[in-house]
Structures are given as C-alpha cells and as structure tokens.
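# Analysis of the macromolecular model
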Amino acid sequence: MSKAVLTISSKNYGAWALRGWLMAKLEFSERVIPPDDPDMKAEMLLLSASMRVPTLEHEGVKVWDTLAIGEYLNEIKPKAGLLPADIAARAHCRAICGEMHSGFSALRSSLPMNIKAYFPNFKLWSRAQSDIDRVVMIWNECLQRYGGPYLFGAKPCIADAMFAPVVTRFLSYDVKLDPACAAYCQLIMALPAMQEWVKAARVEPDEIDELDAEF
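Summarised in this report is the structure supplied together with it. (Residues numbered from 1 in each chain as written. Predicted model: local features only at pLDDT ≥ 70, side-chain atom pairs only at ≥ 80, totals over all residues. Heavy atoms only, no water.)

Attention now goes to the nonpolar core. Counting 63 residues, the largest nonpolar core has Trp-139, Leu-151, Phe-152, Phe-163 and Phe-170 as the members making the most contacts within it. No other element matches the nine residues that helix α7 (residues 158–172) contributes to this core. Sequence-distant contacts of Phe-152, defined by excluding residues within four places in its chain, comprise Pro-84, Ala-89, His-92, Cys-93, Ile-96, Cys-142, Tyr-146, Cys-157 and Ala-159. (Core = buried A, V, L, I, M, F, W, Y, C linked by side-chain atoms within 4.5 Å. Buried < 20%, exposed > 50% of the residue type's maximum accessible area, 1.4 Å probe, protein only. Helix = DSSP H or I, 4+ residues; strand = E, 2+ residues; numbered from the N terminus. Contact = heavy atoms within 4.5 Å.)

Okay, structure coming up:
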C-alpha cells in the first residue's frame, strides 16, 4: 500500500491536527504548513474546502474531516485496530468520538489548546466545568468497562486520539482530576507519538496567525 500524506499546521495549537496525526501515525508521511507562513491561508484553502487541517491524501483520495480520516484509515488498514473489534464497543467508541467532534464548545473556547503554556490554579468558567465533568464521566466509564489502560482496552484507538488534545488542555490549565483520569492523562502524554508532537510544538514560534488556533 502506498504511503498516505497528512497535511497539518501548528503543533502547539492544532487540536484537530493532533487528532488526525495520532490516528494516521501508523502509515503516513507528513507535510507541515509552517504556522508563521504568510501564504498558509491560501495553501489551506487549496488543500481543504472546509478550511481545516488535517487533510489526508492517499491514492487519489482526499479526506479533511478528522472522524472521516479515522474511518478511512480503519478501512485501509483494519489490522491497526483503530476501532474496537467488538460491535458494541465499536458503537460506543464511535458515539464518544462523535460527541467529542461536535460538542464541548465551552471547553474548547475557554481552554484553547496551548501545549507550551501552563496556567496553575486556572479559574474555570462554570460551563467549561460542565464539559470537563462530562469528559471525566466518559473516561471513567470507558476505563471501568473495558479495563484500561486506554479508553477501549489494552491499546490506543481512535477515541484516545480524539481526546488527546483534551489531555493537553487539562495539563496546561491545571485541571484537577481523579486518580484514574490523571493516570490516563499521563499515559497519553507518555505515548512516543505524543512525545514527538510535544517536542515539535515547543520549538514553534510563540505568535501565530489566529487561523492556526483550532478549537
């Protein structure tokens, strides 16, 4: 199978880029649009009709929605286990991924992804706290039902990729978590792919165009 190409932008601020990147880490080459490139907007418009990165290109197919990228990668490489094998677990996985994809607007707006930042004792907006409580509920339910250490068992899947930017937000904004969720955050951050992403994020320019801040 030929290599897929994933186009991304900022690694410090790019929540959607991180999700697609983690999903595609098994089989792709990477094309990065520099965050400080003045032609970035024009390039992104050419790459994606929705004005979003990441965009996956593979054998003439172009996919720019993160959930669609995950589903496509699962189809072309099913043995990678991006979705659970059990039908009920797979449905549950898709449901929480869809919830992450379309919800949590208060969390996104009040705690934007910023890997390089740290805000101890950050004051949370009540609606953001409600979103945080829902994330914690999802995580604990999955960890208890499927035995951990990842959301759907022994290996990371699409769901872990979808919630990875939330992990970085919780750490950046000093969100207090129960022991199980705190351990899950540390587990995600310890993934080699996450370590690679964070290392690259830390050397990005501090100031970028507002287009790069993906919520």
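Within the structure shown, the criterion is met by eight aromatic pairs. When the centroid spacing of 4.8 Å and the interplanar angle of 65° are considered together, the rings of Phe-122 and Tyr-173 count as edge-to-face. Within this pair, whereas Phe-122 is found in the loop between α5 (105–110) and α6 (126–146), its partner Tyr-173 is found in the loop between α7 and α8 (179–189), the two being separated by 51 residues in sequence. By relative accessible area, which is 28% here, Phe-122 ends up partly exposed. The rings of Trp-139, Phe-163, Phe-170 and Tyr-184 are connected pair by pair, giving a single aromatic cluster. Residue placement shows Arg-19 over the ring face of Trp-16; its charged tip is 4.2 Å from the ring centre. (Phe/Tyr/Trp six-rings, centres within 6.5 Å; stacked < 30°, edge-to-face > 60°. Lys NZ or Arg CZ within 6 Å of the ring centre and 35° of its normal.)

Counted according to the given criterion, the structure contains four salt bridges. With its nearest N and O atoms 2.8 Å apart, the salt bridge here joins Arg-94 to Glu-71. Of this pair, Arg-94 sits in helix α4 (residues 87–102) while Glu-71 sits in helix α3 (residues 66–76), and the two are 23 residues apart along the sequence. Residue classification places Arg-94 among the partly exposed positions, given a relative accessible area of 40%. You can call Glu-71 partly exposed: its relative accessible area is 27%. Between Asp-174 and Lys-176 there is a salt bridge, with its nearest N and O atoms 2.8 Å apart. Owing to a relative accessible area of 59%, Lys-176 belongs among the exposed residues under this scheme. (Salt bridge = Lys/Arg side-chain N within 4 Å of Asp/Glu carboxyl O.)

That's the geometry; what it means functionally is another story.
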